[in-house]
Amino acid sequence: QVQLVESGGGLVQAGDSLRLSCAASGRTFSMYAMGWFRQAPGKEREFVAETSWISNNKYYADSVKGRFTISRDNAENTVYLQMYSLKPEDTAVYYCAADTSNVLRFGIPGYWGQGTQVTVSS
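(A) Spotlight on the pattern of salt bridges. Applying the stated criterion to the full structure yields 5 salt bridges. Its salt-bridge partner being Arg105, residue Glu50 comes within 3.3 Å of it at the nearest N-O pair. Here the residue Glu50 occupies a position in strand E5 (residues 46-52), and Arg105 occupies one in the loop between strand E9 (92-99) and strand E10 (111-112), the gap between them amounting to 55 residues. On the basis of relative accessible area, Glu50 is assigned to the buried category, the value being 1%. A salt bridge links Asp90 to Arg67; its shortest N-O distance comes to 2.7 Å. With Asp90 in the loop between strand E8 (78-83) and E9 and Arg67 in the loop between strand E6 (58-60) and strand E7 (68-73), this residue pair connects regions lying 23 residues apart in the sequence. You'll find Asp90 and Arg67 in the same group, each marked buried.

Below is the structure:
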């Protein structure tokens, strides 16, 4: 069906930057929304950012506004999450997500990647 593969996670210090990538393959023509969620240890999975493949409108969780930027590469069918000014509280497994709807943040996406670990040391 659809495969999502994340990359770019790692161990960084507070204030550093990372760029996560999510490459989509398979039956992707009907996936209008793509974005990112994260799950910290002992916490519930939370919405981070999303974009519409058609409109390129972008939405962010309040906790990352001004620090994270979501973008896309149409030719590569890839979505990125550029993270600046990382904080220890950003430490989590970051999951790429996609759905046939044009919105992710109000529901549960239908497709998920395996996740990539982001660890921010203080």
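So, next bit.
(B) Seen up close, the pairing of strand E4 (residues 33-39). Buried residues dominate E4, accounting for 6 of its 7 residues. By the bridge criterion, 6 bridges tie E4 to E5 in an arrangement that is antiparallel. Directly across from Met34, in E5, lies its bridge partner Thr51. Taking the residues that link successive antiparallel strands as the turn, the E4-E5 hairpin has 6 residues, and the phi of Gly42 there is positive, at about 75°. Here E4 runs beside E9; their pairing, made up of 7 bridges, is antiparallel. Considered in E9, the bridge of Gln39 is made with Val93.

(C) Layout of the packing of aromatic side chains. As enumerated under the stated definition, the model contains 3 aromatic pairs in all. Judged by centre distance (5.1 Å) and plane angle (65°), the rings of Phe37 and Trp112 are edge-to-face. Placement of Phe37 in strand E4 and of Trp112 in strand E10 is noted, with a sequence separation of 75 residues between them. Residue Phe37 is classed as buried on the basis of its relative accessible area of 7%. Classification of Trp112 as partly exposed rests on a relative accessible area of 29%. Counting every residue linked through ring pairs, the aromatic cluster contains Phe37, Phe47, Tyr95 and Trp112. The side chain of Arg45 reaches across the aromatic face of Tyr95, ending 3.9 Å from its centre. Directly above the aromatic system of Tyr59 lies the positively charged group of Arg105, at a separation of 3.6 Å from the ring centroid.

(D) Up close: unusual backbone geometry. A positive phi is found at Asn56, a non-glycine position, where the angle reads about 65°. Mapped onto the elements of the fold, Asn56 is located in the loop between E5 and E6. The backbone of Asn77 shows a phi angle near 55°, a positive value even though the residue is not glycine. Tracing the backbone through its elements, the reader meets Asn77 in the loop between E7 and E8.

What counts, and at which threshold
- Residues numbered from 1 in each chain as written.
- Predicted model: local features only at pLDDT ≥ 70, side-chain atom pairs only at ≥ 80, totals over all residues.
- Heavy atoms only, no water.
- Salt bridge = Lys/Arg side-chain N within 4 Å of Asp/Glu carboxyl O.
- Helix = DSSP H or I, 4+ residues; strand = E, 2+ residues; numbered from the N terminus.
- Buried < 20%, exposed > 50% of the residue type's maximum accessible area, 1.4 Å probe, protein only.
- Pairing = 2+ DSSP bridges.
- Phe/Tyr/Trp six-rings, centres within 6.5 Å; stacked < 30°, edge-to-face > 60°.
- Lys NZ or Arg CZ within 6 Å of the ring centre and 35° of its normal.

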